[in-house]
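Breakdown of the fold
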Amino acid sequence: MSERNPFSKKSNEQFSDSHSFLDAFSPIILDKVRKATNDQLLNQIIVYRSPPGFGKSTFLRLFSSSVLGALQRLKSGDLHTNTVNCLKDLDVFGAAKPKVLGVYLNVADGYAEIQDIFGNQSLSIFRAMINAKIILKFVSSLRDYYELSFGEPLDDFELEATTGIEWGALPKSNSLSELYKWAEELEHKIARGISDLELKDYQSTNHSSFSSIDFLNSIKVKYKGQQQIRKFLLMIDDVHRLRSIQRMELLDALVVLRPSFPVWIAERLSCLSSKEALIEGADEGREYRTVTLDELFPATANNVDFKKFINSIVHYRMRKTTISGFDSWLNAREEDFASLQESILVEMEKKLEEVKSRGGYDEWVDKLQLGIENSNRARKIDALQELFSAIAKYENKNSFPLLEVSATDMPRVDKSFIKFYLHRRYKVPYFYGDKVLWSLATFSVLEFLDIAEALFEEVYLHSLSTRSKKNYIGANKQEQIIKQLAKTKYRKINNLIIHPKKAILFLDNFARVAMTRSEKESSPYTPSITGFAITDADLDELVNEPKFESLRRILTDFRTNNYVVIRRQEKSGEIVNIFYLNRLLCAHFDLAVGYGGWNKFDIQELDRWLKVDLSKESPDSVEQRYRQGTLSV
Amino acid sequence: MKEQLIWDVNLFTQGNEQSLDLWVNAISKLKGDTLFIVGAGFDPRMHSGISYLLKGKPSDDTSLQCVGLRGAAHATDNSYGAKELENIAETKRLFRDRYGELTYEPVEAGTSMSICLLVKKHEEFFSKFSNIIIDISSMPRITFLTLVPQVLILLREDIHNASSRHNLLVMASENIQYEEECVGNVQSNEVAFLHQFKGGIDIEEADELVGVWFPILGGSRLEELEVIFQKIEKKITQGVDVIPLLPFPSQNPRRSDNIISKFHNELFQSLEVSYGNLLYASEDNPFELYRRLMNSFVRYSKNLTNLGGGRFFVSPLSGKLMSVGAILACYEAKNRLNLLAGIKSTFHIGVPMVEPREYEVKEVQKSDKKPEVSMLWLLGEAYNVS
């Protein structure tokens, strides 16, 4: 069925059946995770982490029994061949049914409060709840696997326990239905206890271990006499919603139990300490592997990998609509810019005459004029700006030339900077085109979907209009939509970040510094500064020194909510940690969207940004302050 | 199973005059001790309604006491601490120091559970009062929507009717425009269910049940609407029917039209609400909203019985008194629907809310939009008539 807006569904739960889920799934993420785990995806405990909206739950759902079953049934040559092939490599499929049974448990609700209500008994009740839920989910996965409806008898199942099995709190029974009944009663008992704030029967809820994990470790399942499942995969989602003591209890138990089957934990970064959230690999050494989803894609200028990923999602989702060519709708046409370009050219021609009359750059001018003789307006503008920026750069380092400067001395000016400069200087639209889908999403699927949804809505309205002859969205309109989204992102600081007023002041100050330094015609930054960097020593101080508590908490919240992404980089023998601003925030502040431009600051300076308002200082004094002692790239 | 509703009455006063009349001629004459429960904080309505009833004079009546509930959510600006102190001083003056405070400890599970724990801890204290008046005027929504049903659970002897040895009233100094102008919520994106109304999110078998969501619209909270729906949708695998409830009749006859216009995109495109699903209830009568909701619950539950039950979610996004009407319906439905349906089906009631992280106090405008006192009589002598 065709969808009004194929980008409006933002969470995997909105795809009710396996096929519609698969229709929106991009196998690129599977490939990335495979590489990140050296293909040991199904052989170990893995903790998946990211800010919200990076597709953790979506990834886990791919391995649910219903989705794996649907993929197994697919014929070759199907749309999902890449996904199927990737899973084949992981030895997921059997002859008729998957070899892997995914058991998915979400612990977002109903667990954390146990800790607040039951005092000393809390952890044993928490373990009881986990035991009950794992059994219930195990049965539910088996039903999906064998395509049984809810409530159908479980008599055809046979559980074969190994000799050394530790039943723990579980009933010693080979009957699945008996086990199910036990788990259901236990779950109800605990839920009632939570609701009434007291438990009537502490005895049956006093579990000293995660017996259900032991149980999965020690059984084989046969259905109608046949064993098809070779491996269980336990997936526990939203672990950040547990109390930290519960989370640690679970993680520690998993490490001690060392289950023979893979266990995946998915959690948001918000459950981490500042140290773990801000310093890469701070919790390394634990006996589980971590995969940080927002770090799967490198922050490079072209963002090729992420672009590929986003394009594949666009491709999948666009099949759900009757409107075709999303990218074509977003590519503005030359005629849209005609009048603006004409006025820019008038101004530039004047400036060119001044350059010619001053002399010194004749070789550069000749080279330019030769190159743009038969070019269109856009190309002429770009080339002229390249010349002016090159002159500005040259004169920034040298005095005005008394003799002619050779063409070979012409400094290189990056094209991405020219686009940014023209936007700032002449208000040429900048945030438009299909590139915004990936360049402004800051590696987040959710943010990409927000952008795509808003732009597609405009496309949809245009497609309905019988009067409109345009089959594209104007650049100004696109920029307006992006700016609105950017504003929303900025305003959400009030909801998401601790000390929101300070956090906003900090960002405003950074943006002011970044803009002051980036928008000059001679700017060395490509295309603009969009990140601040600190050294390892400063990062250590940040996470350890009490005097930086506010800054630490704000930067941690920025990180855990994808308001910044952190990348480590070596420059001139020194390692720095670059905090790149979220790309929609860059759009809000009118900064460029490419990665690569950053300035290093010391920790005291960042702390100062929480307290002073740089907008009250003149751009010159801001520039003066930061001219010395900063490292630029 | 009798289907008579518990609050099939209109025992409420609207506006200062009626409320004062009720206080002078009935409530103040009730036997036994009376406890006012207020929200202690920066909001001047902490004492303004009570002050109106007491005509601004300190009461020498030792049977009157007041307890201020102090919560985890706080004003964003520390300067409002001074306002809080002023309000407490004024409340103490009115009660001649028969004022005390109970703090609900911040627990990570959220305000709602914290309040439930507080009421449970102080059961004896609350039970010793013959009359309890919960003044919700200065309380955050999540506080009073938890407190009212929790105190009902504590005081009601018979779950089938509202007669009781205890009297329970809810009062509010309310003016929707005043609310919107003076207090802004700084909200998180986290949706939490009221502790007593989790809608079966913690029960595995409930995953298989169909859901119906009743957002009660009236405020200007589009973001709230979006995040709550996302949360519900996440919890429901069998699809959600959305039944918005709009205020009509209303003081402003175009109010529901304005709401529809404001939420048009969200309601009719994102949530795919059909026009036939819109419900209306009078803006001024919380009991009518309660009855409208209860009737819908009963009607839906009859249809869903064959499917094994259902999950009803209610989001009171309207004025405070109307929200009380909604929570009464949830309270009754939780107790009654499963009895009504029999053992073959199960119904769960959920109240998902967006919990504010902080409150932003705007400067109170010098306008004529002053709050008016209203009172709802929920339990006690008024119902003890056979």
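Residues numbered from 1 in each chain as written. Chains lettered and ligands numbered in written order. Predicted model: local features only at pLDDT ≥ 70, side-chain atom pairs only at ≥ 80, totals over all residues. Heavy atoms only, no water.

Helix and strand counts for chain B come out as 12 helices and 15 strands. Residue burial in chain B is summarised as follows: out of 386 residues, 59% are buried. For chain B, the accessible surface area stands at approximately 15,600 Å², while carbon and sulfur atoms represent 47% of it. (Helix = DSSP H or I, 4+ residues; strand = E, 2+ residues; numbered from the N terminus. Buried < 20%, exposed > 50% of the residue type's maximum accessible area, 1.4 Å probe, protein only. Areas by Shrake-Rupley, 256 points an atom, 1.4 Å probe, with all protein chains shown as cover.)

To continue, consider the overall build of chain A. Across its full length, chain A carries 27 helices and 11 strands. Taking the principal axes of the C-alpha coordinates as reference, chain A spans close to 95 × 60 × 40 Å. Taking all 633 residues of chain A together, 56% fall into the buried category. Across chain A, the mean location of the 87 positive side-chain charges is 2 Å away from that of the 87 negative side-chain charges. (Lys, Arg positive; Asp, Glu negative; His and termini not counted. Charge placed at Lys NZ, Arg CZ, Asp CG, Glu CD.)

What follows is about the packing of aromatic side chains. Per the counting criterion, the structure on display carries 60 aromatic pairs over all chains. Both rings, one in Phe306(A) and one in Phe309(A), keep their centres 6.2 Å apart while their planes meet at 55°; by these two values the pair is tilted. Remark: Phe309(A) and Phe306(A) occur in helix α12 (residues 304-318); sequence separation between them is 3 residues, near one turn of the helix. Both rings, one in Phe214(B) and one in Phe312(B), keep their centres 6.3 Å apart while their planes meet at 70°; by these two values the pair is edge-to-face. In this pair, Phe214(B) sits in strand β9 (residues 210-216) while Phe312(B) sits in strand β13 (residues 309-316), placing the two residues 98 residues apart along the sequence. Among the residues examined, Phe312(B) registers a relative accessible area of 0% and is labelled buried. (Phe/Tyr/Trp six-rings, centres within 6.5 Å; stacked < 30°, edge-to-face > 60°.)

With that settled, consider the pairing of strand β5 (residues 231-237) of chain A. Residue and element names in this part refer to chain A. Among the 7 residues that make up β5, 6 are buried, leaving the element largely enclosed by the rest of the structure. As paired strands, strand β2 (residues 100-106) and β5 are joined by 7 bridges and run parallel to one another. Considered in β5, the bridge of Asn 106 is made with Asp 237. Both β5 and strand β6 (residues 263-268) contribute to a ladder of 3 bridges, which runs parallel. When the sheet's bridge partners are listed, Leu 234 is paired in β6 with Val 263. In this fold, β5 hands off to helix α10 (residues 244-257), which returns the chain to β6; that crossover is right-handed. (Pairing = 2+ DSSP bridges. Right-handed = clockwise from strand over helix to strand, strands pointing away.)

Quick look at the nonpolar core now. Nonpolar side chains in soluble globular proteins tend to end up buried together. Among the nonpolar cores identified, the biggest contains 153 residues, and Leu41(A), Tyr48(A), Phe63(A), Trp264(A) and Phe326(A) are the most heavily contacted of them. A per-element tally of this core places helix α22 (residues 500-518) of chain A first, with 9 residues. Setting aside its immediate chain neighbours within four residues, Phe63(A) contacts Leu30(A), Leu41(A), Leu42(A), Leu68(A), Leu87(A), Leu90(A), Val92(A), Gly102(A), Leu233(A), Met235(A) and Trp264(A). Counting 95 residues, the second-largest nonpolar core is a separate cluster that includes Phe36(B), Ile327(B), Leu328(B) and Leu337(B). (Core = buried A, V, L, I, M, F, W, Y, C linked by side-chain atoms within 4.5 Å. Contact = heavy atoms within 4.5 Å.)

So, about the environment of Thr58(A). Residue and element names in this part refer to chain A. Within the secondary structure, Thr 58 is located in helix α3 (residues 56-62). Sequence separation between Thr 58 and Ala 24 is 34 residues; the distance between their C-alpha atoms is 9.9 Å. Not counting residues up to four positions away in its chain, the partners in contact with Thr 58 are Asn 12, Phe 21 and Phe 25.

For an interface, size is often stated in terms of accessible area lost upon the parts coming together. The interface of chain B with chain A comprises 30 residues on the first partner and 36 residues on the second. Of the roughly 2,900 Å² buried where chain B meets chain A, counting both sides, 46% is carbon and sulfur surface. Salt-bridge contacts for Lys137(A) lead to Glu204(B); the nearest nitrogen and oxygen are separated by 2.5 Å. Inspection of the chain B/chain A interface yields 7 residue pairs in polar contact (both at pLDDT 80 or more). Going through the elements one at a time, α4 (111-121), β8 (183-198), α8 (222-235) and β14 (346-361) of chain B are the ones with two or more residues in the side of chain B that touches chain A. (Buried area = accessible area lost by both parts, 1.4 Å probe. Salt bridge = Lys/Arg side-chain N within 4 Å of Asp/Glu carboxyl O. Polar contact = N/O pair within 3.5 Å; in protein donor to acceptor, adjacent residues only side chain to side chain.)

To continue, consider the pattern of salt bridges. A complete count under the given rule lists 56 salt bridges over all chains for this structure. Salt-bridge contacts for Asp109(A) lead to Lys231(B); the nearest nitrogen and oxygen are separated by 3.3 Å. You can see Asp109(A) sitting in the loop between β2 and α6 (112-117) and its partner Lys231(B) sitting in helix α8, one on each of two chains. Since its relative accessible area comes to 10%, Asp109(A) is described here as buried. A relative accessible area of 11% places Lys231(B) in the buried class. The partner of Asp590(A) in a salt bridge is Lys483(A), with the nearest N and O atoms 2.9 Å apart.

What follows deals with the environment of Ile135(A). All names here are of chain A. Mapped onto the elements of the fold, Ile 135 is located in helix α7 (residues 122-145). Given the relative accessible area of 0%, Ile 135 is considered buried. Between the alpha carbons of Ile 135 and Tyr 223 there is a distance of 17 Å; along the sequence they are 88 residues apart.

Residues and elements named next belong to chain A. Inspection of the secondary structure assignment puts Arg 567 in strand β9 (residues 564-571). Although Arg 567 is buried, it forms no salt bridge, and the closest oppositely charged side chain is Glu 295 at an N-O distance of 4.8 Å. A distance of 3.1 Å separates a polar side-chain atom of Arg 567 from the backbone oxygen of Asp 294. At a separation of 3.0 Å, a polar atom in the side chain of Arg 567 contacts the main-chain carbonyl oxygen of Phe 297. Those residues in contact with Arg 567, other than ones at most four positions away along the chain, are Asp 294, Glu 295, Phe 297, Pro 298, Ala 299, Phe 443, Val 576, Asn 577, Ile 578 and Tyr 580.

Next up on the list: the sheet that holds β6(A). Residue and element names in this part refer to chain A. The 5 strands are arranged β2-β5-β6-β1-β7 in an open sheet whose pairing can be described as parallel. Two strands lie at the open edges of the sheet, namely β2 and β7 (289-292), each paired on one side alone. In this sheet, adjacent strand axes meet at a mean angle of 20° when their direction is disregarded. (Axes fitted to C-alpha atoms, helices over the stretch in contact; angles between N-to-C directions.)

Residues and elements named next belong to chain B. Judged by pairing direction, the sheet is mixed, and its 7 strands sit side by side in the order β1-β15-β7-β6-β2-β3-β5 without closing on themselves. The outermost strands of the open sheet, each flanked by one partner alone, are β1 (12-13) and β5 (99-103). Inspection of the sheet shows strand β7 (residues 167-174) paired to strand β15 (residues 372-379) by 7 bridges, in the antiparallel sense. Its bridge partner lying in β15, Ser 173 is registered against Val 373. Relative to β15, helix α11 (residues 286-304) is tilted by about 45°, and along the sheet it contacts β1 and β15.

Our next topic: the confidence of the model for chain B. Residue and element names in this part refer to chain B. Taken as a whole, chain B shows an average pLDDT of 86; of its residues, 88% reach a score of 70 or greater. The least confident element of chain B is strand β4 (residues 74-75), whose mean pLDDT is 52; the most confident is strand β6 (residues 131-135), at 97. Both confidence scores are given for the complex: pTM 0.88, ipTM 0.85. (pLDDT = per-residue confidence, 0-100.)

A separate point is the packing of α12(A) against helix α19 (residues 445-464) of chain A. Residue and element names in this part refer to chain A. In contact at an axis separation of 12 Å, α12 and α19 are set at 50° when each is read in the N-to-C sense. For the element pair α12 / α19, the angle class is oblique. Here α12 and α19 pass one another in a crossing that is right-handed. Contact with α12, carried on its side by Phe 309, Ile 310, Ile 313, Val 314, Arg 317 and Met 318, involves Val 445, Phe 448, Leu 449 and Phe 456 of α19 and no other residues of that element. (Parallel < 35°, antiparallel > 145°, perpendicular 65-115°, else oblique. Left-handed = near helix turned anticlockwise from the far one by under 90°.)

The subject of this paragraph is a negative patch on the surface. Residue and element names in this part refer to chain A. There is a patch of like negative charges on the surface, built from Asp 362, Glu 363, Asp 366, Glu 404 and Asp 409. Its location among the elements puts Asp 362 in helix α15 (residues 362-372). A relative accessible area of 34% means that Asp 362 is categorised as partly exposed. (Patch = residues over 30% accessible without salt bridge, like charges linked within 9 Å, V, L, I, M, F, W, Y side chains within 5 Å.)

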